[in-house]
Amino acid sequence: MILDRIRSWRPGRAGLPYLLLLPALALELLIHLIPMLTGVWVSFKQLTQFFIRNWSEAPWTGLANYRVAVDFDAPIGRSLLNSFWVTCAFTVLSVGLSWLIGTVAAIHTQDAFRGRGLLRAAFLLPYALPAYAAVITWSFMFQRDTGLVNHLLHDQLHLTGDKPFWLIGDNSFTALTTVSVWRSWPFAFLTLTAGLQNIPRELYEAAALDGAGVWQQIRRITLPSLRPVNLVLVLVLFLWTFNDFNTPFILFGKAAPEAADLISVHIYQSSFVTWNFGAGSAMSVLLLFFLLLVTSAYLFLTSRSRGADD
Amino acid sequence: MRIHRLAAATALVAALTLTATACGGGTAGSADGGDPGTLTYWASNQGASPEQDKQILEPELRKFEQQTGIKVKLEVVPWSDLLNRILAATASGQGPDVLNIGNTWSTSLQATGALLPFDAATLAKIGGKDRFLPAALDTAGAAGKDPAAVPLYSMAYGLYYNKKMFKDAGIEQPPATWDELVADGRKLTKDGHFGLAVEGGNVSENVHHVFTLAKQHGTDFFDASGKPRFDSPQAVAAVKQYVDLIATHKVAAPGNAEYANNQSVTDFATGKAAMLMWQAAGANLKSHGMNPDDYGVAPVPVPAGASGSALTTSMVAGINLAVFRNSRNPDGALQFVKFMTSTEEQTVLNRTYGSIPPVKEAQADPAFATPELQTLAKVLGSSAQPLPRIADESQFETLVGTAVKNLLAAAAAGKPVTEDTVKAELTKAQQQMPAS
């Protein structure tokens, strides 16, 4: 009798997960949702240095900050648009290359061989290094006169006519993409290596018996089996890369060259360096909508095509 | 499939909120205890490292504690963080009691209302305004308003030149005009050595130099009513003159366009460049092993036959000491300001940092009688002008400094830099200034 009562008093199986999620939800609200809503609220205000002390009393400007941000004929909007395109190109290249290198490396280290553990550990090194230390090292290597990159390309391989600049001017895009790929492909490698463990070996054996070559095995077995992993991987890489702040900021400082003016640093500069927090918030909110749009489109398309596959 | 959906959703939320909170206002400043017996002091990084600053400042803070019984909690803030920390403290009202600010920020920070105004009564509590060098006190706020801070360490730009390289090239005097500088620079540029080193990737350095040049061309980057005029013909000429050091005259190495970590000081100290325009570089050069006898310091060149505003050779550089208006111990804070600006402390600290005391009485100390500091003190007293003392100064610094950085980058890459490209770059910078 009593036992029954206790049993009925305990939260039901259906309720338990929600109960366990509650602390996380509360923290999520506190750490993420409230600052986010504050950011949206600030984007409707004219928050400059004159009001930062009593920032809740900054004058309401309605959509003025948004109008400035999307006025692509004026310099502020034009530079935001430029920064947006730079970020898109950077993201596509960086995510694509990271994924490709990660996939090739994961497939090549799938079968056991002598020194595989060591090689895998070496591959993961960029991922394990603190971002600041790693990127600052790259910035030294990219120095025009004393850097390792020009020493190799110019002094030793004689590939360039004149010593190129990597940290200023147009080449800064190449430098930025290189460092970004270097930093993020190990994550792709790690994820895909884990994904490969789940593919039954028998599939490959059977395919080999049927006369399938390595390339066919990869196309018919490996890639389709990795599909769920890849869906998450590409999305996560996309979001991380699109929002990457550390790499450009450490590489170029607060004033990035136009060719490598990623949107995260651009917004930082628009709000913190030029003290126009309202305009910076409006740009952030626009970016938020863009990412939301891309992500939902991605999830919608991939879940639909998965439905068709099944 | 469930798990991967969840992972994706989590990643999405995390990534999105990261973006959105980037505008939220940064981390909150450290709250002071509110105990009237203590003060919190944010010192900017003046020495070779924050640790060195602590070693220099701690004994002085103990002296203050012995005199007044007030304990000072010291935090040395790196330059890269300082402005953001101050802004965060301003937004939250939780900050230090006393803090260092770069003197060019004074007017911008004054506009926030976060700093205690030094009106006549307040100034009287720390010994009166007449103790300070007028040019230095001018940098502490907008014209016609009570200063928002008082000067702590002062600096000015001078032209540092390598005596031996000058002698070897047969040059007897440091250049006094820009034509002479370019001519001397050409003579000194050979065998991988360059006439001049510039810190072209450093936005603030760029602004300081083009500000001086603009003054020499008879203009400012703002008109009398405080409206930006970045692309006036004189401002264009001033910026072009600076960029031409790399673009046309080639007296500075193209690689200088990416210098942002004081590499130009290193180049000068190691003899890679024969001249350097810098503010109080002595202590820095010494740490690179350069003997004070190896270099001379002259005022930055002016145009031939210059007079009036064209004789400006430097901005008024330096660090100001401010009291946070939200301080829970304003009386203690003012006692501390009085202590730090006392003749004795001014002598000790400026001697250690190789800067010039903005307190007149302290300048009499023999430590400031070196040829370098005497030249710089003279510049500060007679031919230095403060950067525009307007609320939008920090935006101006970023926008014009970045424009110059971009132009130098183009010049270094061998792209033509004409008056039109300079004007376009400056117009773009001006259009990004706040409309108000």
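None of these values were measured; they are calculated from a predicted model. (Residues numbered from 1 in each chain as written. Chains lettered and ligands numbered in written order. Predicted model: local features only at pLDDT ≥ 70, side-chain atom pairs only at ≥ 80, totals over all residues. Heavy atoms only, no water.)

Okay, the sheet that holds strand S6 (residues 194-197) of chain B next. Residues and elements named next belong to chain B. The strand order S6-S7-S5-S8 describes an open sheet built from four strands, whose pairing is mixed. Since the sheet does not close on itself, it has two edges, and those belong to S6 and strand S8 (295-298), each with one partner. Here the average twist between neighbouring strands, direction ignored, is 20 degrees. Examined bridge by bridge, strand S5 (residues 157-162) and strand S7 (residues 273-279) share five bridges and lie antiparallel to one another. Across the sheet, the residue bridging to glycine 158 is tryptophan 278, located in S7. The sheet contacts of helix H9 (residues 203-216) involve S5 and S7, and relative to S7 the element is tilted by about 90 degrees. (Pairing = 2+ DSSP bridges. Helix = DSSP H or I, 4+ residues; strand = E, 2+ residues; numbered from the N terminus. Axes fitted to C-alpha atoms, helices over the stretch in contact; angles between N-to-C directions. Contact = heavy atoms within 4.5 Å.)

Mapped onto this structure's residue numbering, the UniProt feature "transmembrane region" (unreviewed entry) falls at residues 20-44, 84-107, 119-142, 225-242 and 277-301 of chain A. Helix makes up 100% of residues 277-301 of chain A and strand makes up 0%, while its end C-alpha atoms are separated by 36 Å. (UniProt positions renumbered as here; feature names shortened; annotations may be inferred.)

Quick look at H9(B) now. Three or four residues apart is the spacing at which side chains of an α-helix point the same way, because the helix has 3.6 residues per turn. Residues and elements named next belong to chain B. With 14 residues, H9 ought to run about 20 Å at 1.5 Å a step, and its terminal C-alpha atoms sit 20 Å apart, in line with that. Counting buried positions over the 14 residues of H9 gives 13, a clear majority of the element. For H9, the capping residue at the N-terminal end is asparagine 202, with a side-chain oxygen 3.0 Å from the backbone nitrogen of serine 204. Following H9 by one or two positions, glycine 218 adopts a phi angle in the positive range, close to 85 degrees. (Expected span 1.5 Å × (residues − 1). Buried < 20%, exposed > 50% of the residue type's maximum accessible area, 1.4 Å probe, protein only. Polar contact = N/O pair within 3.5 Å; in protein donor to acceptor, adjacent residues only side chain to side chain.)

When the UniProt feature table is mapped onto this chain numbering, "domain: ABC transmembrane type-1" (unreviewed entry) sits at residues 80-298 of chain A. In the segment residues 80-298 of chain A, helix accounts for 76% and strand for 0%; the C-alpha atoms at its two ends are 24 Å apart.

Glancing now at the nonpolar core. Residues and elements named next belong to chain B. Among the nonpolar cores identified, the biggest contains 118 residues, and Tyr41, Tyr160, Phe221 and Phe336 are the most heavily contacted of them. The greatest single-element share of this core, amounting to 11 residues, is contributed by helix H16 (residues 393-412). Both of domain 1 (3-155 + 317-385) and domain 2 (157-315 + 392-431) provide at least three residues apiece to this core. (Core = buried A, V, L, I, M, F, W, Y, C linked by side-chain atoms within 4.5 Å. Domains from an automatic or database assignment.)

Our next topic: helix H2 (residues 50-68) of chain B. Residues and elements named next belong to chain B. Taking 1.5 Å per residue, 19 residues should reach 27 Å; H2 reaches 26 Å between its end C-alpha atoms and fits that length. The complete set of buried residues in H2 reads Asp53, Ile56, Leu57, Glu60, Leu61 and Phe64. Buried residues along H2 sit in contact with strand S1 (38-44), strand S2 (71-77), strand S4 (150-155), helix H13 (330-340) and helix H14 (343-353). One or two steps after H2, the chain reaches glycine 69, where phi turns positive at roughly 80 degrees.

On to the interface of chain A and chain B. Facing 51 residues of chain A, the contacting portion of chain B comprises 53 residues. Both faces combined, the contact of chain A with chain B buries some 4800 Å², and carbon together with sulfur accounts for 64% of it. On the chain A side of the interface with chain B, the three residues burying the most area are A:Arg53, A:Phe272 and A:Trp275, jointly 15% of the side's total. Summed over the shared surface of chain A and chain B, the number is two salt bridges. Measuring nitrogen to oxygen at the nearest pair gives 3.7 Å for the salt bridge that ties A:Asp170 to B:Lys415. For the pair chain A and chain B, the interface holds 10 residue pairs in polar contact (both at pLDDT 80 or more). Contributing elements (two or more residues each) for the side of chain A that touches chain B: helix H2 (16-42), helix H4 (75-108), helix H10 (214-242), helix H12 (263-273) and helix H13 (277-309) of chain A. Counting residues per element, the side of chain A that touches chain B draws most heavily on H13(A), which supplies 12 residues. For the side of chain A that touches chain B, a count of residues per class yields 30 nonpolar, 14 polar and seven charged. (Buried area = accessible area lost by both parts, 1.4 Å probe. Salt bridge = Lys/Arg side-chain N within 4 Å of Asp/Glu carboxyl O. Nonpolar A, V, L, I, M, F, W, Y, C, P; charged D, E, K, R; others polar.)

As a further point, take the pairing of strand S3 (residues 98-102) of chain B. Residue and element names in this part refer to chain B. Most of S3 sits inside the fold, with five of its five residues counted as buried. Neither face of S3 is exposed, since Val98, Asn100 and Gly102 on one face and Leu99 and Ile101 on the opposite face are all buried. Relative to strand S10 (residues 317-323), S3 runs antiparallel, the two sharing five bridges. Looking at S10, one finds that isoleucine 101 is bridged to asparagine 320.

Right, let's talk about the pairing of S8(B) for a bit. For a regular strand, side-chain orientation follows a simple rule: the groups alternate between the two sheet faces. All names here are of chain B. Alternating residues of S8 divide into Tyr295 and Val297 and Gly296 and Ala298, and every residue in both groups is buried. The sheet contact formed by S5 and S8 spans four bridges and is antiparallel. Among the inter-strand pairings, asparagine 162 is bridged to a residue of S8, identified as tyrosine 295.

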